[in-house]
Structures are given as C-alpha cells and as structure tokens.
Amino acid sequence: MKTNKLLLTAIILSPFVCFLSPGCIEKKQVVEEASIASLQADTTVSLNTAVESSPNCKIHLDFMYLKCSDKDSVSQSVNQTLQSIFFNEQLSLLSPEIFVDSVMHTYISKYKNDVEKYYQADIKNGVDAKDIPQWYNYEFDITSELAKGKNNQFWNYTVSTFQNTGGAHPNTWGKWVNINASNGKALTKKDIFLPGTDKDICNLILKQLIQEANKRLETDTISSMEGLQSAGVLLDTDLYIPDNFLLKEEGITFLYNRYDIAPYSMGDFQLTIPYAEIETYLKL
C-alpha cells in the first residue's frame, strides 16, 4: 500500500519536475534590446602632403544610432531614418560603419572638388606659400544626439553641423527630427499639430521669443512684435512654426537657426512651450 502511494505521488509530480528541469523548458527566442551607440571619424586632408603649411580640411563626424540585432526590424528602420537625416537618403541603407566611412569620403571629395584646381593653379603660377589664400582651409564638424522623447513614444534626434568653407564667417545649424519609436518613421508638423492652429501656436512661441530676446539683450522693454523688430528680430519674415522641433518630456522645443528669424550675430533660438499650454493644439 505504501509502495502504491509513493508511485502515485511520483506520477503526479513528474510533469512538474520535468517542467522545472532545463531540458523540459521551452527555449524562447530573445531579441536583444537596442541600445544607443555612436561612431566617430576624424581626418585632416592636405592639398599637398609634401608641404607642412599646405591648406587642409579638417573633418569630424559623430554619428549616433541604435545598436541592434539583425532581427530587430524597427530599430533598423530607425537607423535608416537617422542616416537619412544625418546625411541623405542615398546612403541610408548602409550599415552604420560603412555609412560613416562613406560620409567621410564624400566630404573629402567635396573639399578637393571645391579648391584643388585653384590651389594647383596658384602653385603653377608661382604664388608663395605665405600668400596662399586662407579660404583654401575648410572645416566640417557634424555631430548628433539621440534620446527618448515624450513618454518614450518618440526618439528625439538632433544633428548639428559646423561648416567653415572660406566664407565671411563659419556657420552652424541644427536639424531636429522626432521619430516614431514603434515604426522608425520621421514625423512632420502635419503629424503633430492640428490643422488651423498655426496662429495660436505662433502666439505661444511669440511670448517665449519676447522673453528670450529681453534676456539676451539684458532689457525688459520688449513686449511686442514691433519691439522685436526694433531689436533686429523678424525683420524679413513673419513668425512661423519651424520644421525643427522636439517632443520632449516637459514640452515642445522649437529651433530657429541662425538667419531664420534674426541676424547671425544673435545666434539661434530654442524656445520651449510646456504641454499644459500647447496640448490643445496637438494630435497626440
């Protein structure tokens, strides 16, 4: 009788023992979660490597992307969008490593195509090294940042480009894009803002712009559009919703690059509207 009880107990427990043993556990496929990574590249290209004082081009790239498995199609789609924003769509299907290398070689080719023939002509004409124009010296610095945005539903991606190509002064500008974290697609103004709300949103931006202008000019006298214009802001354009904006946790930040709404000397403007003020105009 005792033997029968032990046998019955063994029969009842055996499925559970099997379930707990490594050989009986069903192996589930685990896709590694994507993580933010970056690739940097630096080079200096001389027009004449035999001459120490030869004009040159300095190039720095810092590309941020998602490091993911081959089976993570969403992150791969995000990376294609990032590469398209960082440079252009023609290289968006490349692996991040090959992409950065291709972008670097494109900038090298641009530099040589822009100036090498003029430099060689100067050398041929006997121009002294100390008289070689400074505009032969170029510099490109392209960096990016990638972070989660509002409610982790979006990726906030910013690309900052510094470029000195022999003009009156170097220039820096930014490109900001929100990417849908569920499908990797870039979002536009039409995807975010309700139709017919441009005027109301611009009024909110105007308040922030007035505050920022007063702060920069160390005054409190600017209180209207006319006051901004007297300070050199919005002289050549009406206020508008820029394509550059980020859906951050605390609110929406709008970017106006140099020259967009103000002279170069005033720099860019980054103006944040809290969601409590702007949410009624959003599709989200």
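Further up the page is the structure itself.
What this report covers is the structure whose coordinates are included nearby. (Residues numbered from 1 in each chain as written. Predicted model: local features only at pLDDT ≥ 70, side-chain atom pairs only at ≥ 80, totals over all residues. Heavy atoms only, no water.)

## Observations regarding the pattern of salt bridges
According to the stated counting rule, one finds 4 salt bridges in the structure shown. Of the charged contacts, one joins Asp128 and Lys130 as a salt bridge, the two residues approaching to 3.5 Å between their closest N and O atoms. The partner of Asp243 in a salt bridge is Lys189, with the nearest N and O atoms 3.4 Å apart. In this pair, Asp243 sits in the loop between helix H6 (225–230) and strand E7 (245–247) while Lys189 sits in helix H4 (residues 189–192), placing the two residues 54 residues apart along the sequence. (Salt bridge = Lys/Arg side-chain N within 4 Å of Asp/Glu carboxyl O. Helix = DSSP H or I, 4+ residues; strand = E, 2+ residues; numbered from the N terminus.)

## Considering the packing of aromatic side chains
Going through the model one piece at a time under the given rule, you end up with 16 aromatic pairs. Ring geometry for Phe86 against Phe99: centres 6.0 Å apart, planes inclined by 70°, an arrangement best described as edge-to-face. Of this pair, Phe86 sits in helix H2 (residues 73–86) while Phe99 sits in helix H3 (residues 96–124); the two residues are 13 residues apart in sequence, bridging distant segments of the chain. As far as the burial class goes, Phe86 and Phe99 line up, both buried. A centroid spacing of 5.8 Å and a plane angle of 35° characterise the contact between Tyr259 and Tyr264, whose relative ring orientation is tilted. Taken together, the aromatic side chains of Phe87, Tyr107, Tyr111, Tyr138 and Phe140 make up a single cluster linked through ring pairs. Over the aromatic face of Tyr275 sits the side chain of Lys150, whose NZ or CZ is 5.1 Å from the ring centroid. Positioned above the aromatic ring of Phe269 is the side chain of Arg216, whose terminal nitrogen or guanidinium carbon lies 3.9 Å from the ring centre. (Phe/Tyr/Trp six-rings, centres within 6.5 Å; stacked < 30°, edge-to-face > 60°. Buried < 20%, exposed > 50% of the residue type's maximum accessible area, 1.4 Å probe, protein only. Lys NZ or Arg CZ within 6 Å of the ring centre and 35° of its normal.)

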